[in-house]
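# Remarks on the overall topology
Take a look at the letters that make up each chain.
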Amino acid sequence: MEKADELKGIHRSGTNIMSFFDDNDKEHELQKQQSAAEVKKDEYLKSVELLKKLIQENGTKENLTRITAIGLLIESTDFLNIPPDRKKMLKENMTWCNSQYEKYTNEN
């Protein structure tokens, strides 16, 4: 009977085989989120690089400086844990990028 009482005292969630699978699922979900964040970051950087080339050919120095700063902002952003103010700033800058892209592609 004393041994049965000792067994009841063991914290079972740490020894339960299902907790292993739960931890594994959580890790897998985190990896998926990290991959999605990296993909989004890469897409933004590719868009910025394309626009940067257009601006270098046809744009102003001011626009080139801004697109370079936007690229640095994207590179320094953790897309997995993005704070709301940084998200808003990125959205505004990507909207500007889209308008500039339309401007430079319609000129050609």
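This text gives an overview of the structure that appears in the document. As the structure is a computational prediction, the values presented were derived from the model and not from experiment. (Residues numbered from 1 in each chain as written. Predicted model: local features only at pLDDT ≥ 70, side-chain atom pairs only at ≥ 80, totals over all residues. Heavy atoms only, no water.)

### Focus on the overall build of the chain
A tally of helices and strands in the chain yields 4 helices and 0 strands. Starting at the N terminus and walking to the C terminus, you meet the elements of the chain as α-α-α-α. The proportion of buried residues among the 108 residues of the chain is 21%. The long-range fraction of contacts in the chain, counting pairs at least 24 apart against all pairs at least 6 apart in sequence, stands at 65%. Carbon and sulfur atoms make up 53% of the accessible area of the chain, which totals about 8500 Å². (Helix = DSSP H or I, 4+ residues; strand = E, 2+ residues; numbered from the N terminus. Buried < 20%, exposed > 50% of the residue type's maximum accessible area, 1.4 Å probe, protein only. Contact = heavy atoms within 4.5 Å. Areas by Shrake-Rupley, 256 points an atom, 1.4 Å probe, with all protein chains shown as cover.)

### Describing the side chain of asparagine 93
Within the secondary structure layout, asparagine 93 lies in helix α4 (residues 84-107). Residue classification places asparagine 93 among the buried positions, given a relative accessible area of 12%. With residues near it in sequence (within four places) discarded, asparagine 93 still touches Arg66, Ile70 and Leu73.

### Notes on the nonpolar core
Residues Ile67, Ile70, Ile74 and Cys97 are the most contacted members of the largest nonpolar core, which totals 16 residues. For this core, the elements supplying multiple residues, two or more each, are α2 (17-58), α3 (61-75) and α4. The biggest single contributor to this core is α2, with 6 residues. (Core = buried A, V, L, I, M, F, W, Y, C linked by side-chain atoms within 4.5 Å.)

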